[in-house]
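Descriptive structure summary
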Amino acid sequence: MEVHETIASIRQSLLEQHQAGRSVGFVPTMGYLHDGHLSLMARSRAECDVTVVSIFVNPLQFAPNEDLSTYPRDLDRDLASCRTIGVDAVFAPDVNEMYPEQMLTSVSVAELGSTMEGAARPAHFTGVATVVTKLFNIVGPCRAYFGEKDYQQLAIVRKMARDLDQPVTVVGCPIVREPDGLAMSSRNVYLDEDERAAAPVLHRALQAGAATILAGERSAPAVRHLMAGIVEAEPLAQLDYAEVVDAATLRPVDPLAGPVRLLVAARFGRTRLLDNLGVEVPARG
Ligand code: PAF
């Protein structure tokens, strides 16, 4: 497996792959890889000739009061995981390689980036869209694999790639969960024992929301209220939002119809966790 630390060397390597007519699959990550990331790599391996993974904790997407300095990192373990899956190349630049000088350019996706996570973390999605654009420019034409765990991020990257004609097919992949339903996330390591035991409440709230829709509920406020109540009943959870939106546009939808997405976010101590679930609202017969 190749490991590249510079933009010039990963570009050269992928240029050769493109010239040889090989398709490239790309999995952007911030490292501290878990089974969710590995599922993206395995999907890329199954669908593309060459799989490249980036490992870069992007400072642009963290606010000054957030966990940039403590974000979990273990490059050696990550490289070993990539080797296990059969990844062909890893791009692991340092901050100076990605941002050698002050950035005066940014990419932001209006509207989609201003609600939910965007409301809680105002500069976050501009940081994500900017670094993903840089990574897409470095990797070149590819299929890029993103987890549905960060559903709003996936919608934003999809729209950005379409709006800017980036030569990238964005592929969304299902959430990978622990046996008790907790969505896998690098931040789960922050949870203490009690918070870890409480965290699956997010998944239970989503399941209850989905069940009430499938049982006939069509009122968005009623579904939001049900999910919020379940999270708020957990003493260790501090609810941030419980939403139900159109699955493609992320706009409010009421009465509920078509494919919708239920999304929740809550704090468990110092750890903010997200989860979501898709529901196809049955048409009234
Ligand atoms: O989802 C992530 O890990 C990050 O937001 C991403 C897409 C790698 C950009 O830094």
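Described in the following lines is the structure provided in the data block. Model, not experiment: these values are computed from the prediction.

Around the ligand, the surrounding shell consists of Pro-28, Thr-29, Met-30, Asn-58, Gln-61, Val-128, Val-131, Val-132, Phe-146 and Gln-153. Measuring from an oxygen atom of the ligand, one finds a side-chain N or O atom of Gln-153 at 2.7 Å. Considering the ligand on its own, with 290 Å² of exposed area, one finds that the protein chains cover 89% of that surface. Within the residue set of the shell around the ligand, elements represented by two or more residues are β2 (24-29) and α6 (124-139). The element contributing the most residues to the shell around the ligand is α6, with three residues.

For Val-264, the position within the fold is in strand β8 (residues 258-268). Exposure remark for Val-264: the relative accessible area of 1% places this residue in the buried category. As a C-alpha pair, Val-264 and Leu-239 span 25 residues in sequence and 8.0 Å in three-dimensional space. With sequence-adjacent residues up to four places away left out, Val-264 is seen in contact with Leu-202, Leu-206, Met-227, Tyr-241, Ala-242, Leu-273, Leu-274 and Asp-275.

Our next topic: the sheet that holds strand β5 (residues 142-147). Sheet strands pair via backbone hydrogen bonds, and the direction of the pair is either parallel or antiparallel. Strand order in this open sheet of six strands is β1-β4-β3-β2-β5-β6, and the pairing throughout is parallel. Looking at which strands have only one partner, the edges of the open sheet turn out to be β1 (2-4) and β6 (168-173). Geometrically, the sheet is characterised by an average inter-axis angle of 25 degrees between neighbouring strands, direction not taken into account. Of the pairings in the sheet, the one linking strand β3 (residues 50-55) to strand β4 (residues 89-91) comprises three bridges and is parallel in character. By the bridge assignment for β4, Val-53 is matched with Val-90. Against the sheet, helix α2 (residues 35-47) touches β2, β3, β5 and β6, its axis set at about 155 degrees to β5.

Scanning the entire structure with this criterion turns up four aromatic pairs. Note on Phe-26 and Phe-136: the rings are 6.4 Å apart at their centroids and 75 degrees apart in plane angle, and the pair reads as edge-to-face. On the criterion of sequence distance, the pair formed by Phe-26 in strand β2 and Phe-136 in helix α6 is long-range, its members being 110 residues apart. Ring centres of Phe-56 and Tyr-99 lie 6.0 Å apart, and the angle between their planes is 50 degrees; this geometry places the pair in the tilted category. Here the residue Phe-56 occupies a position in the loop between β3 and α3 (75-85), and Tyr-99 occupies one in the loop between α4 (95-98) and α5 (117-120), the gap between them amounting to 43 residues. Phe-56 gets classed as buried once you look at its relative accessible area, which sits at 7%. Ring-pair connections join several aromatic residues into one group, and the members of that group are Phe-26, Phe-136 and Phe-146. The ring of Tyr-190 carries the charged tip of Arg-270 above its face, separated from the ring centre by 4.9 Å.

Summarising the element assignment, Asp-78 is placed in helix α3. An unpaired buried charge is present at Asp-78: no salt bridge exists, and Arg-77, the closest side chain of opposite charge, is 4.3 Å distant. One polar contact links the side chain of Asp-78 to the main-chain amide nitrogen of Tyr-32, over a distance of 2.8 Å. In this view, Asp-78 contacts Gly-31, Tyr-32, Leu-33 and Ile-55; residues no more than four positions away in its chain are not counted.

The rules behind these values
Residues numbered from 1 in each chain as written. Predicted model: local features only at pLDDT ≥ 70, side-chain atom pairs only at ≥ 80, totals over all residues. Heavy atoms only, no water. Near = heavy atom within 4 Å. Polar contact = N/O pair within 3.5 Å; in protein donor to acceptor, adjacent residues only side chain to side chain. Areas by Shrake-Rupley, 256 points an atom, 1.4 Å probe, with all protein chains shown as cover. Helix = DSSP H or I, 4+ residues; strand = E, 2+ residues; numbered from the N terminus. Buried < 20%, exposed > 50% of the residue type's maximum accessible area, 1.4 Å probe, protein only. Contact = heavy atoms within 4.5 Å. Pairing = 2+ DSSP bridges. Axes fitted to C-alpha atoms, helices over the stretch in contact; angles between N-to-C directions. Phe/Tyr/Trp six-rings, centres within 6.5 Å; stacked < 30°, edge-to-face > 60°. Lys NZ or Arg CZ within 6 Å of the ring centre and 35° of its normal. Lys, Arg positive; Asp, Glu negative; His and termini not counted. Salt bridge = Lys/Arg side-chain N within 4 Å of Asp/Glu carboxyl O.

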